[in-house]
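Chain and residue survey
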Amino acid sequence: MSPLRLLAAACLLALSRCKTVRYRTDEEGAPGTVIGTLADEMPVKAPGEMSFRLMRQFSNSSLVRVREEDGQLSIGEAGLDRERLCGQAPQCVLAFDVVSCWRERYRLVHVELEVRDINDNAPRFPRAQMALEVSESAAPGTRLPLEVAVDEDVGSNSIQSFQVSLNSHFGVEAQTRADGARCADLVLLQELDRERQPSYTLELVAKDGGSPARSGTATVHVRVLDANDNSPAFAQGSVTVELPEDAPPGSLLLDLDAADPDEGPNGEVVYAFSSQVPPEARRLFRLDPRSGRLTLEAAVDYERTRTYELDVRAQDRGASPRAATCTVVVRLADVNDNAPRISISALRGAASAAGVAYVSEAAASESFVALVSASDRDSGANGQVRCSLRGHDHFALQRAYEDSYMIVTTSALDRERIPEYNLTVVAEDLGSPPFKTVRQYTVRVSDENDNAPLFAKPLYEVAVPENNPPGAYITTVVARDPDLGHNGKVTYRLLETQVMGAPISTYVSVDPATGAIYALRTFNYEILKQLDLRIQATDGGSPQLSSSTLVKVRMVDQNDNPPVIIHPVLTNGTVEIGVSSKTSRDSLVAQIKARDADDGVNAELTFAFLEEPQQDLFTINPSTGDIVLRGDLSEELGQLFKVILTVTDNGRPPLATTATVNFLVTATAPSSIQEIAKPSSWEGKALQWDIPLIVIIVLAGSCTLLLVAIITIATTCNRHKKEGFAAAPSYGKEPAPPVAIWKGHSFNTISGREAEKFSGKDSGKGDSDFNDSDSDISGDALKKDLITHMQNGLWACTAECKILGHSDRCWSPSCSRANPHPSPHPSAPLSTFCKSTSLPRDPLRRDNFYQAQLPKTVGLQSVYEKVLHRDFDRTITLLSPPRPARLPDLQEIGVPLYPAPSTRYLGPQTDTAEKA
């Protein structure tokens, strides 16, 4: 909003009564001459807080200027010329209106400036030479009318006196006419004698009453005529006639009759207007020279001139004509022939056009809108005007002064409801019949920032599929502001908040102009299921108004996660499940548990076997994953049944996970769920161990079994170029017997106490690391011996050991321990190296590493047929955590590869094996 409109709006906030102030100043004052200060007339003397504005009604601001800060009135550039402003009016008053504002209140000040006349004009005669005739027989006292002198000044500055040059026969006498003008008559002082002096030349002087006085002169030539005995005579020397202003042309005003008793030409009378009758009167009235009938020649206007004075001269037609003069005064009677005039003006300088006013919608009740001035040129009741306002109840008229009214508001306005009002101002006079004037006026409500942006919905709920690309369109929020211009221009912004520890502005962005919301990253339903955004809409007004809405962005799950089997734990997509041969039909042998990170239908899983086991031995529940035995395994001891398990979700498209399930028939007693799962050494949760823990495993094993295993391994190693396998120790609670350890290229027996040097048991002073007091091997001899063991005896060491530290991969070929309960059937090889074992490269298979669950070799099978005489019911996996220390390089020892049978079979035990 412009400063001018702001000022206008501030001034219109409250209503006060009107005040009239009167000043006087002389005409022809220099531009800038101070007339007065309106601030001095106000009840509150606070010029610094007040402002003054000239109303648009006073169009000629070049006459008077108003200073805004204190209302000082001064003469404008055009100056003040009373004669130009008011003519011959006896009083010249310049009226205008000023609005004063103070602390959001206003007062309408009506100023009446009287422009006083100064003597700036000299009297002047219409002609510089005047000619008169007079009979020599004229009696003393005969009056000869002179032409009227003119002085544009009024009052005392107008013509006050006349003088004639000194002579013995004529004098001059001043008179006041009916219209107020001063005129003069030449008066005969003594009888004339044409024969002695036929003519006279006189100088006539007209003087005004100014200070200093001004004057005008004219020369009067008087010719003396021969005597005529009788002069025409009027019945009355002065006649007054009342004439209605609406009288039609041709109306008879007066029938003049001047009698002359002479006969012949001396008795014939001719009528004519004297030289004093102005041209305007000669145009309006007609005098018949023969009959003396005075008629109306043209329409007259009471509002223009109310009185006319006509000097009628009657003169006979004798050789020495004699004349008589009669004064006819025509007074016009007012009739109601003028309709009222209406003038409507708003604040000067406000953004108003012709016939249009602006008012702020923030204006309080009874705020000023426009000034209505009504006038009627008629007089009396015909000129009295009353005004009324029609069109809407939100506006009313209040009288300001005399015939001026103010249009004010009667209630609060709302531009958004009604932006424009068409009002009708009716002015009617009190004449009979009355005249009425109707004026249309438009009031437009200017906009204020009184409406905050309003969202179409207080809550937006949007569904967005997950895995969207960055920059994807989400939705658009729309807020409407009914205000105009900058007040209604809406911009959008995202209110900052935190989502999962990150600013929400890193997730989405909002177009400030359109309210469109875009994703800045890819959404994952499994991580973030819903995103709550608060969008704020702000307009451009001053002060700004805003509102906000909540946008709930719900992620729609997509089938982007395949099922994952969580139980039993898979190793390279394979799991081995042990099933007792004594398990009865329809028994639950295992439970497959899987989960899907998706939700809803995408997470509903179905279990199935792609390849049914032989003879339909096993079935799986599609919904629960329960595996039930359907056949008889009593004759299948040691057999391995392979099946492909698939877990499929119900998404579109569906995703599936497959795994290989090996059912191994064992001789153990059936349990609630027969399940042996051998997880990867790096995926399963196993005991953490280090090199000293290997010594504990050796000391805790069975001495007899350990010796037999060591002898067997040593024999195998000699036969295969120092390549061998270490037998798996069993864990027991017996006192530690002498222990055989690998040293160089053979095993040596040491006492249990010496073996305790390699114990990883905590001393109670801290953790059982190499820096612990109980496991200190920092001595040179022990360190050297240990290194020799690692370099020469640790046959299964790989480059992985250099980083992670040595584990049972190096020390033990098997992670199984003996089952203390003998099996009634002969022992057979059950398993080879534990699944966590990593073997060195095989030159025959190039870069392939052989993971856990390798088939037995022919060389080791004979050893295990003698040693492994007990069934195994569970597997213990030992994992070595990464070690910060760097170990010396170890030799990689190749392991010969043997073809593996497709199934395992536990044959009947022999007596020799039982004796062994």
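Only a predicted model underlies this, so the values are computations on that prediction, with no experimental measurement involved. (Residues numbered from 1 in each chain as written. Predicted model: local features only at pLDDT ≥ 70, side-chain atom pairs only at ≥ 80, totals over all residues. Heavy atoms only, no water.)

**Description of the sheet that holds strand E28 (residues 395–401)**
The condition is simple: When DSSP finds two or more bridges between a pair of strands, those strands are recorded as paired. Secondary structure elements follow DSSP: runs of H or I no shorter than four residues count as helices, runs of E no shorter than two count as strands, and numbering proceeds from the N terminus. Note on geometry: axes are C-alpha line fits, over the in-contact stretch for helices, and angles between N-to-C directions span 0 to 180 degrees.
Pairing in this open sheet of four strands is antiparallel, and the strands run E24-E26-E29-E28 from one edge to the other. On the outer flanks of this sheet lie strand E24 (341–345) and E28, each paired with one strand and no other. Here the average twist between neighbouring strands, direction ignored, is 25°. The sheet contact formed by E24 and strand E26 (residues 368–375) spans five bridges and is antiparallel. The residue bridging Ile-344 from the neighbouring strand is Val-372, located in E26.

**Some points on the state of the cysteines**
Here, disulfide denotes a covalent bond that connects the sulfur atoms of two cysteines. Applied cut-off: By disulfide we mean two sulfur atoms from cysteines, separated by a distance within 2.5 Å. Only protein chains enter the calculation, and the probe is 1.4 Å; a residue is then buried if its accessible area is under 20% of its type maximum, exposed if over 50%, and partly exposed in between.
Enumeration according to the criterion identifies one disulfide in this entry. In this model, Cys-86 is linked to Cys-92 through a disulfide, with the two sulfur atoms separated by 1.8 Å. Disulfide Cys-86-Cys-92: torsion about the S-S bond near 60°, hence right-handed. The partly exposed category is assigned to Cys-86, whose relative accessible area is 24%. Take Cys-92: its relative accessible area is 2%, and that puts it in the buried class.

**Here we look at the nonpolar core**
Applied cut-off: We define a nonpolar core as any set of buried Ala, Val, Leu, Ile, Met, Phe, Trp, Tyr and Cys residues linked to one another through side-chain atoms lying within 4.5 Å. It only takes one pair of heavy atoms within 4.5 Å for two residues to be counted as in contact.
Counting residues in hydrophobic clusters, the biggest one holds 31 residues, and the most contacted among them are Phe-285 and Val-328. For this core, the secondary structure elements donating two or more residues are strand E16 (238–244), strand E17 (252–255), strand E19 (269–273), helix H3 (279–284), strand E20 (285–287), strand E21 (293–296), strand E22 (307–316) and strand E23 (323–333). For Val-328, the residues in contact, after removing those within four places along its chain, are Val-239, Val-241, Leu-254, Leu-256, Leu-294, Tyr-308, Glu-309, Leu-310 and Val-312. Residues Val-462, Ala-502, Ile-517 and Leu-533 belong to the second largest nonpolar core, which totals 28 residues.

**Side note on the pattern of salt bridges**
Which entries qualify depends on this criterion: By salt bridge we mean one thing: a side-chain nitrogen of Lys or Arg within 4 Å of a carboxyl oxygen of Asp or Glu.
What the rule picks out here adds up to 22 salt bridges. The partner of Arg-317 in a salt bridge is Glu-268, with the nearest N and O atoms 3.4 Å apart. Here the residue Arg-317 occupies a position in the loop between E22 and E23, and Glu-268 occupies one in the loop between strand E18 (258–259) and E19, the gap between them amounting to 49 residues. Residue classification places Arg-317 among the partly exposed positions, given a relative accessible area of 42%. When its relative accessible area of 37% is taken as the criterion, Glu-268 is described as partly exposed. Between Asp-586 and Arg-630 there is a salt bridge, with its nearest N and O atoms 2.6 Å apart.

**With respect to the packing of aromatic side chains**
So the rule is basically this: Centres within 6.5 Å make a pair out of two Phe, Tyr or Trp rings, where for Trp the six-membered ring is used; the pair is then stacked when the planes are under 30 degrees apart, edge-to-face when over 60, and tilted otherwise. For a ring to carry a charge above it, either NZ of a lysine or CZ of an arginine must fall within 6 Å of the ring centroid while also lying within 35 degrees of the normal to the ring plane.
Within the structure shown, the criterion is met by 10 aromatic pairs. Ring geometry for Phe-618 against Phe-663: centres 4.0 Å apart, planes inclined by 10°, an arrangement best described as stacked. Note that Phe-618 is positioned in strand E48 (residues 618–620) and Phe-663 in strand E51 (residues 656–666), a separation of 45 residues in sequence. Like Phe-663, Phe-618 is buried. Ring-pair connections join several aromatic residues into one group, and the members of that group are Phe-609, Phe-618, Phe-641 and Phe-663. We note Arg-521 situated over the ring of Tyr-507; from NZ or CZ to the ring centre the distance is 3.9 Å.

**Observations regarding the environment of Gly-431**
On the secondary structure map, Gly-431 appears in the loop between strand E30 (420–429) and strand E31 (436–446). For the pair formed by Gly-431 and Ala-381, sequence separation is 50 residues and the distance between their alpha carbons is 5.6 Å. Residues contacting Gly-431, with those up to four places away along its chain left out, are Asn-336, Ala-381 and Asn-382.

**Overview of the confidence of the model for the chain**
For clarity, the threshold we go by: Values of pLDDT, the confidence the predictor places in each residue, fall between 0 and 100.
Per-residue confidence for the chain averages 75 on the pLDDT scale, and 70% of its residues sit at or above 70. Here residues 749–796 is modelled with pLDDT under 50, and outside its nearest four sequence neighbours on either side it reaches 93 contacts, counting other chains as well.

**With respect to unusual backbone geometry**
Put simply, Ser-542 and Pro-543 share a cis peptide bond, and its omega is 0°. With respect to the helices and strands, the residue Pro-543 is situated in the loop between strand E41 (530–538) and strand E42 (546–556). Residues His-567 and Pro-568 are joined by a peptide bond in cis, for which omega reads -5°. Topologically, Pro-568 is positioned in the loop between strand E43 (564–567) and strand E44 (574–580). Look at Glu-402: it is not a glycine, yet its phi comes out positive at around 45°. Residue placement: Glu-402 occurs in the loop between E28 and strand E29 (404–409). Taking relative accessible area as the criterion, Glu-402 reaches 60% and is therefore assigned exposed. Although it is not a glycine, Asp-586 sits at a positive phi angle of roughly 65°. Tracing the sequence through the fold places Asp-586 in the loop between E44 and strand E45 (588–591). On the basis of relative accessibility, which here comes to 47%, the residue Asp-586 falls in the partly exposed class.

**With respect to the sheet that holds strand E10 (residues 159–164)**
Overall, mixed pairing links the four strands, which are arranged E8-E14-E13-E10 in an open sheet. What marks the edges here is a single partner per strand, and that holds for strand E8 (129–135) and E10. Going across the sheet, the axis of each strand differs from the next one's by a mean of 25°, ignoring polarity. Judged from the seven bridges that link them, E8 and strand E14 (residues 215–225) form a sheet pairing that is parallel. By the bridge assignment, Met-130 is partnered in E14 with Val-220.

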